[in-house]
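Structural features, examined
Spelled out from the first residue to the last, the chains are:
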Amino acid sequence: MKASDLENAGRDRVDQSFANGNRRMKNKCATMISVIVATALSSACASTYTNVAPMPPKEFHRLGQAKGSACGSLGILATAYNFIPMALNSRVETAYGNAVASVPGATALVDVTMKEDWYWWVIGSARCVTVTGEAIK
Amino acid sequence: MKIRSIRLTTIAAAALLAGCAGTPVQLGTRTSVPMPTSGVARPISAEACGFQLLLLIPINTNDRLATAYRSLVAQAGNDYITDVEVQESWGYRLVGTSYCTAIKAKAIKSG
């Protein structure tokens, strides 16, 4: 075998090794990206539990009717891309907070009613939660 | 012809932007009912889901809170319901979005 053949064979082995390394690296990257995307899509889709009708204290003062709303959207563009939440996961908590804040001095609500409306705004859809009740302190 | 297309566009836009209203639901036992002064609180929970097909077509989405709460009330029986906690979740389903409402609360037996 000639020296040039040996040199070529060695070069091929090095190239093969680089190619394998690159493939492994690409596979690792693809796996990591898939895990990140899957985690982002699944973990960003639930709100925390919000106590909207807490146990009233034994004694309380009624301050009058309270009302609060909060909207969140899911956008943008067509359905297949419609997965970006904008204030969507916090709408119940925000609506309850707004309702309590609508009556000065209120600390909680009793006799709570909740409803949700939705509408489509072309590149996304919005959902609005309204909380009403009697403010107490 | 032009006027007709403008009318159709206006009607379609109004229909789409008008949106949909959910069912109002009273959460927790009303304060007109005396609060139990003793009794053991037990946890109860319920969930209801709906699907928004192609963003615009609601399938059980507008009354999912009412459905979940009805189930909660059925579990409570005649017990006093309080500490009602609500969780909203959604999931991407390619041709639409699923929406779920989960409720957990405490049911207290009087006496």
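Below, the structure is looked at part by part. Sequence order sets the numbering: in each chain, residues are counted from 1 along the sequence as written. Chain A is the first chain written and ligand 1 is the first ligand written, with later ones labelled in order. This being a predicted model, a pLDDT of at least 70 is required before a residue's local features are given, and a value of 80 or more before pairs of side-chain atoms are given or counted; all residues contribute to the totals for chains, interfaces and linings.

Describing the overall build of chain B
This is how the line gets drawn: Note on conventions: DSSP H or I runs of at least 4 residues are helices, E runs of at least 2 residues are strands, and numbering of each starts at the N terminus. Both definitions apply: the radius of gyration is a C-alpha atom measure, and the globule rule equals 2.2 Å times residues to the power 0.38. In this scheme the burial state of a residue depends on its C-beta neighbours within 10 Å: 20 or more other such atoms mean buried, 12 or fewer mean exposed, and anything in between means partly exposed; the C-beta positions come from the backbone.
Secondary structure summary: chain B contains two helices and six strands in total. A compact globule built from 111 residues should have a C-alpha radius of gyration of about 13 Å, whereas chain B, at 20 Å, is more than 25% larger. Dimensions along the principal axes, computed over C-alpha positions, put chain B at roughly 75 × 35 × 15 Å. Taking all 111 residues of chain B together, the buried fraction comes to 28%.

Brief notes about the environment of A:Val131
All names here are of chain A. For the record, the criterion: What counts as a contact here is a pair of residues whose C-beta atoms, placed from the backbone, lie within 7 Å.
Within the fold, Val-131 resides in strand E5 (residues 124–136). With 28 C-beta atoms counted inside 10 Å, the residue Val-131 sits in the buried group. Along the sequence, Val-131 and Arg-23 sit 108 residues apart, while their C-alpha atoms lie 55 Å from each other. The residues touching Val-131, leaving out its near neighbours within four places in the chain, are Val-52, Gly-68, Ala-95, Tyr-96, Ala-99, Val-112 and Met-114.

Things to note about the pairing of strand E6 (residues 96–108) of chain B
Here is the key point about a regular strand: its side chains alternate between the two faces of the sheet. Residue and element names in this part refer to chain B. What counts here: At least two bridges found by DSSP between two strands is the condition for calling them paired.
When strand E3 (residues 41–53) meets E6, the two strands line up antiparallel, connected through 13 bridges. Counterpart to Cys-49 in the pairing with E6 is Cys-100. Across eleven bridges, the pairing between strand E5 (residues 80–92) and E6 is antiparallel. Bridge pairing in E6 places Glu-85 opposite Lys-104. Here E5 folds back onto E6, and the loop between the two strands holds three residues, one of which, Leu-94, carries a positive phi near 65 degrees.

Comments concerning the sheet that holds E6(B)
Put simply, the rule reads: For helices, the axis comes from a line fit to the C-alpha atoms of the stretch in contact; other axes are also lines fit to C-alpha atoms, and the angle between any two N-to-C directions lies between 0 and 180 degrees.
Reading across from one edge, E1(A)-E5(B)-E6(B)-E3(B)-E4(B) is the order of the five strands in this open sheet, with antiparallel pairing throughout. Every interior strand has two partners, whereas the edge strands, strand E1 (50–53) of chain A together with strand E4 (57–59) of chain B, have only one. Taking each pair of neighbouring strands and ignoring which way they run, the sheet shows an average axis angle of 25 degrees. Contacting E1 of chain A together with E5 of chain B, helix H2 (residues 91–101) of chain A runs over the sheet at an angle of about 45 degrees to E1(A).

Notes on unusual backbone geometry
Residue and element names in this part refer to chain B. For Asn-60, which is not a glycine, the phi torsion comes out positive at approximately 65 degrees. Within the fold, Asn-60 resides in the loop between E4 and helix H2 (64–76). Judged by local crowding, Asn-60 falls into the partly exposed class, with 14 C-beta atoms found within 10 Å. In this model, Asp-83 sits at a positive phi of 50 degrees, which is unusual for a non-glycine residue. Residue position: Asp-83 is located in strand E5.

Some details on the interface of chain A and chain B
Size of an interface: often given as the accessible area lost when the parts come together. Put simply, the test is: Classification used: nonpolar for Ala, Val, Leu, Ile, Met, Phe, Trp, Tyr, Cys and Pro, charged for Asp, Glu, Lys and Arg, polar for all others including Gly.
With 32 residues of chain A in contact, the opposing surface of chain B contributes 36 residues. Those elements giving two or more residues to the side of chain A that touches chain B turn out to be E1 and strand E4 (108–120) of chain A. Considering each element in turn, the side of chain A that touches chain B owes the most residues, eleven residues, to E4(A). Taken together, the residues of the side of chain A that touches chain B break down into 20 nonpolar, eight polar and four charged. Bridge count for E1(A) against E5(B) is three bridges, and the pairing is antiparallel. The residue of E5(B) that forms the bridge with A:Asn51 is B:Glu85.

Here's the deal with the nonpolar core
The tendency in soluble globular proteins is for nonpolar side chains to be buried side by side. Here is the rule: When buried Ala, Val, Leu, Ile, Met, Phe, Trp, Tyr and Cys residues are joined through C-beta atoms within 7 Å, the set is termed a nonpolar core.
A:Val52, A:Leu109, A:Val112, A:Met114, A:Val131, B:Leu27 and B:Val84 are the most contacted members of the largest nonpolar core, which has 35 residues in total. Leaving out residues up to four positions away in the same chain, A:Val112 has contacts with A:Val52, A:Ala53, A:Val131, A:Gly133, B:Leu27 and B:Gly28. In terms of nonpolar packing, the next biggest core, distinct from the first, is built from five residues, A:Cys45, A:Leu74, B:Trp90 and B:Tyr99 among them.

Considering the pairing of E3(B)
Residue and element names in this part refer to chain B. Both E3 and E4 contribute to a ladder of three bridges, which runs antiparallel. In the sheet register, Gln-52 faces E4, and the bridge partner there is Pro-58. Remark: three residues form the turn of the hairpin made by E3 and E4, two consecutive strands paired antiparallel; Leu-54 in that turn has positive phi of roughly 50 degrees.

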